[in-house]
Amino acid sequence: SGVAARFGQHAIALFYLPGQQVELYGVSHIDPASGAPVIAHGLLGESKGDFYLAAPLHKQQYRLSDGQCLSDSTLKLQVFNVQLQQGQVWLLPPME
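On a predicted model such as this, the values are computed, not experimentally measured, just so you know. (Residues numbered from 1 in each chain as written. Predicted model: local features only at pLDDT ≥ 70, side-chain atom pairs only at ≥ 80, totals over all residues. Heavy atoms only, no water.)

**Notes on the nonpolar core**
Generally speaking, nonpolar side chains in soluble globular proteins are found buried as a group.
Phase 1: By size, the foremost hydrophobic cluster in this structure holds 16 residues, and its most contacted members are Phe15, Val27, Ile39, Leu53, Tyr62 and Leu64.
Phase 2: At the level of secondary structure, the elements contributing two or more residues to this core comprise strand 2 (10-16), strand 3 (24-28) and strand 5 (50-54).
Phase 3: Among the nonpolar cores identified, the runner-up in size contains 5 residues, and Ile12, Leu14, Leu24 and Phe80 belong to it. (Core = buried A, V, L, I, M, F, W, Y, C linked by side-chain atoms within 4.5 Å. Buried < 20%, exposed > 50% of the residue type's maximum accessible area, 1.4 Å probe, protein only. Helix = DSSP H or I, 4+ residues; strand = E, 2+ residues; numbered from the N terminus.)

In structure tokens, the structure reads:
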């Protein structure tokens, strides 16, 4: 699972995958299906090189790279541009 952090008005779920091409992902901590702040508690999975998380309440699966729900195209997590630099997490301008 991940770690929840707050930056300004944003609740962000951070997922660290050491040794992967992209080691750190940041997505909204708010579950788009329920509105609950629970995404950081989701379970991580991998399929064909894509990492996803299963939301803890209703088990929708969201791709970490773009936040898209794999089972419902109307649901999507906001994705944050985060980087790990010298042991610190940096939040960069938003990704579209």
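**With respect to the confidence of the model for the protein**
Phase 1: Residues with a pLDDT of 70 or more make up 96% of the protein, whose mean pLDDT is 91.
Phase 2: When pLDDT is averaged over each element of the protein, strand 6 (residues 61-63) comes out on top at 96 and strand 9 (residues 88-91) at the bottom at 88. (pLDDT = per-residue confidence, 0-100.)

**Let's talk about the pairing of strand 9**
Phase 1: Pairing analysis gives 4 bridges linking strand 8 (residues 82-85) to strand 9, with the strands arranged antiparallel. In the sheet register, valine 82 faces strand 9, and the bridge partner there is leucine 91.
Phase 2: Linking strand 8 to strand 9, which pair antiparallel, is a turn of 2 residues; within it glutamine 86 sits at a positive phi near 50°. (Pairing = 2+ DSSP bridges.)

**Describing the sheet that holds strand 5**
Phase 1: Sheet architecture is open: 3 strands sit in the order 4-5-6, paired in antiparallel fashion. If you trace the sheet from one side to the other, it starts and ends with strand 4 (43-47) and strand 6, each paired once. Between one strand axis and the next, the sheet turns through 35° on average, direction left out of account. (Axes fitted to C-alpha atoms, helices over the stretch in contact; angles between N-to-C directions.)

**Section: the sheet that holds strand 3**
Phase 1: The 4 strands lie next to each other as 1-2-3-7, forming an open sheet whose pairing is antiparallel. Either end of the sheet is taken by a strand with one partner, and the two such strands are strand 1 (3-7) and strand 7 (79-80).
Phase 2: Across 2 bridges, strand 3 lies against strand 7 in antiparallel orientation. Following the sheet pairing, glycine 26 is matched in strand 7 by phenylalanine 80.

**As for the pattern of salt bridges**
Phase 1: Throughout the structure, instances matching the rule amount to 1 salt bridge.
Phase 2: In this structure, aspartate 66 and arginine 63 form a salt bridge, with 2.9 Å as the shortest nitrogen-oxygen distance. (Salt bridge = Lys/Arg side-chain N within 4 Å of Asp/Glu carboxyl O.)

**Some points on the pairing of strand 3**
Regular strands have side chains that alternate between both faces of the sheet.
Phase 1: Across the 5 residues that make up strand 3, a large majority, 5, are buried.
Phase 2: Sheet topology note: the strand 2/strand 3 ladder contains 5 bridges and is antiparallel. From the neighbouring strand, tyrosine 16 faces strand 3, where its bridge partner is leucine 24.

**Details of the side chain of glutamine 68**
Phase 1: Structurally, glutamine 68 is set in the loop between strand 6 and strand 7.
Phase 2: A distance of 3.1 Å separates a polar atom in the side chain of glutamine 68 from the backbone oxygen of leucine 75.
Phase 3: Leave out the neighbours within four places in its chain, and glutamine 68 touches Gln61, Tyr62, Arg63, Ser73, Leu75 and Lys76. (Polar contact = N/O pair within 3.5 Å; in protein donor to acceptor, adjacent residues only side chain to side chain. Contact = heavy atoms within 4.5 Å.)

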